[in-house]
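# Secondary and tertiary structure notes
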Amino acid sequence: QVAVILYSYVGKPAAEDMAIEGVSDWAQTAMAWATGAGVIAKDLAPQTVVTRGVMAQILLNLSKI
């Protein structure tokens with residue numbers, strides 16, 4: 001859900017089509033963008049509860065793009 005929210009926030013930029021295991025169909029494009037742009041770490045498992053610290057890092061990463 002975090003990836004989809006941020007993807008929409010930045011205007012749904014172009015993203016590489018790729019299937020990411022464990023990610024719901026409705027979030028595939030957003031997660032591909034987020035991991036490809038370095039916003040979300042590729043090793044962050046889908047369906048993981050995002051802690052305050054992880055969210056802070058995600059927002060910091062977003063601010064750098």
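I will try to describe carefully the structure that is included in this document. (Residues numbered from 1 in each chain as written. Predicted model: local features only at pLDDT ≥ 70, side-chain atom pairs only at ≥ 80, totals over all residues. Heavy atoms only, no water.)

## Some remarks on the nonpolar core
Just so we agree on the cut-off: Only buried Ala, Val, Leu, Ile, Met, Phe, Trp, Tyr and Cys residues count toward a nonpolar core, and they belong to the same one when joined by side-chain atoms within 4.5 Å. Note on classification: 1.4 Å probe, protein chains only; a residue is buried when its accessible area is under 20% of the maximum for its type, exposed when over 50%, partly exposed between these limits. Numbering goes from the N terminus for both helices and strands, where a helix is a DSSP run of H or I of at least four residues and a strand is a run of E of at least two. Whether two residues touch is decided by their heavy atoms; if any such pair falls within 4.5 Å, the residues are in contact.
The biggest cluster of nonpolar side chains holds 15 residues, and the ones touching the most others in it are Ala3, Leu6, Met31, Trp33, Ala34, Val39 and Ile40. Listing elements by their share of this core, those giving two or more residues are α1 (2–9), α2 (28–36) and α3 (52–63). No other element matches the five residues that α2 contributes to this core. Discounting residues that sit within four places of it in the chain, Val39 has contacts with Leu6, Trp33, Ala34, Ile58, Asn61, Leu62 and Ile65.

## Thoughts on unusual backbone geometry
Most peptide bonds take the trans configuration, and most residues that are not glycine carry a negative phi. Located in the positive-phi region is Lys12, a residue other than glycine, with phi close to 55 degrees. Structurally, the position occupied by Lys12 is in the loop between α1 and α2.

## Quick word on the packing of α1 against α2
For the record, the criterion: Axis geometry follows a simple rule: fit a line to the C-alpha atoms, using only the stretch in contact for helices, then measure angles between N-to-C directions, giving values from 0 to 180 degrees. Oblique is the label for any angle not covered by the other classes, which are roughly parallel (under 35 degrees), roughly antiparallel (over 145) and roughly perpendicular (65 to 115). Residue polarity follows a fixed list, in which Ala, Val, Leu, Ile, Met, Phe, Trp, Tyr, Cys and Pro are nonpolar, Asp, Glu, Lys and Arg are charged, and the others, Gly among them, are polar.
Between α1 and α2, whose axes approach to 8 Å, the crossing angle comes to 80 degrees. Regarding the angle of α1 to α2, the classification is roughly perpendicular. Between α1, through Ala3, Val4, Leu6 and Tyr7, and α2, the contact on the second element is made entirely by Thr29, Ala30, Met31, Trp33 and Ala34. Taken together, the residues of the contact of α1 with α2 sort by class into eight nonpolar, one polar and no charged.

## Brief notes about the layout of surface pockets
Note the cut-off: A cavity here means a set of points on a 1 Å grid, drawn over the protein atoms and nothing else, where a 1.4 Å probe fits but cannot get out; a pocket is an open set with protein on both sides within 12 Å along at least five of seven lines, and a residue lines either one if it has an atom within 4 Å of a point. Grid points are joined across faces, edges and corners, and a volume is the space filled by probe spheres set on the points.
Of the pockets and cavities examined, the largest pocket occupies roughly 360 Å³. As for the largest pocket, its lining consists of 16 residues, and the residues nearest its centre are Gln1, Val2, Pro46, Gln47 and Thr48. The residue makeup of the lining of the largest pocket, split by class, is 12 nonpolar, four polar and no charged.

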